[in-house]
Amino acid sequence: SLNFPWGEWKMQDRVIVGRDYRVSPFGQHLQSANYDQVSGVHAELWVEDGALRLLHVGRHPIQVNDNIVHKGHRRKLISGDTLIFADQLTVRVKS
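This one's a predicted model, so the numbers in the text were calculated from it and none came from an experiment.

A. Here's a closer look at the layout of surface pockets. In this structure, the largest pocket occupies an estimated 170 Å³ of space. Ser-1, Met-11, Val-47, Gly-50, Ala-51, Leu-52, Leu-77, Ile-78, Ser-79, Val-93, Lys-94 and Ser-95 together form the lining of the largest pocket.

B. View of the sheet that holds strand E5 (residues 51-56). The strand order across the open sheet formed by four strands is E3-E4-E5-E8, and the pairing between neighbours is antiparallel. In this open sheet, the two edge strands, each paired with only one partner strand, are strand E3 (15-17) and strand E8 (74-77). Each strand axis lies, on average, 30° off the axis of its neighbour in the sheet, ignoring direction. Direction of pairing for E5 relative to E8: antiparallel, over a ladder of four bridges. Its bridge partner lying in E8, Leu-55 is registered against Arg-74.

C. Spotlight on the nonpolar core. Counting 23 residues, the largest nonpolar core has Leu-2, Leu-45, Leu-54, Leu-77, Leu-83, Phe-85 and Leu-89 as its most contacted members. Looking at this core, the element that brings in the most residues is strand E10 (residues 89-93), giving three residues. Discounting chain neighbours no more than four positions away, the residues touching Leu-54 are Ala-43, Glu-44, Leu-45, Trp-46, Ile-62, Val-69, His-73, Arg-74, Arg-75, Leu-77, Leu-83 and Phe-85.

D. Quick peek at the sheet that holds strand E1 (residues 2-4). Taken in spatial order, the six strands line up as E2-E1-E10-E9-E6-E7 in an open sheet, and their pairing is antiparallel. Two strands close off the open sheet at either side, each with one partner strand: strand E2 (7-9) and strand E7 (67-69). In this sheet, neighbouring strand axes are inclined to one another by 30° on average, regardless of whether the strands run parallel or antiparallel. Taken together, the four bridges between strand E9 (residues 82-85) and E10 define a ladder with antiparallel strand orientation.

What counts as what
- Residues numbered from 1 in each chain as written.
- Predicted model: local features only at pLDDT ≥ 70, side-chain atom pairs only at ≥ 80, totals over all residues.
- Heavy atoms only, no water.
- 1 Å grid on protein atoms, 1.4 Å probe; cavity = no way out; pocket = protein on both sides within 12 Å on 5 of 7 lines; lining within 4 Å.
- Points joined across faces, edges and corners; volume = space filled by probe spheres on them.
- Pairing = 2+ DSSP bridges.
- Helix = DSSP H or I, 4+ residues; strand = E, 2+ residues; numbered from the N terminus.
- Axes fitted to C-alpha atoms, helices over the stretch in contact; angles between N-to-C directions.
- Core = buried A, V, L, I, M, F, W, Y, C linked by side-chain atoms within 4.5 Å.
- Buried < 20%, exposed > 50% of the residue type's maximum accessible area, 1.4 Å probe, protein only.
- Contact = heavy atoms within 4.5 Å.

This is the structure:
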């Protein structure tokens, strides 16, 4: 699951993290000025072979713990990882 500032999200299918509420279930939460650097479609998350995966597709950076994930790159996530989207949105991975 993913722990957002507004609550927990249980991973079931692919999910988009971004401000565009038409494609992201989090879009309405990200409309405030506090998240203005989060892209409309910033990242895609999904479960593959039992592991949570991230694909960075936005303009601004994503950090996993202290490591930058560059646009177009994928990353396997584990419980305890901290994701930071555009230096504004912090999400924690929880098993």
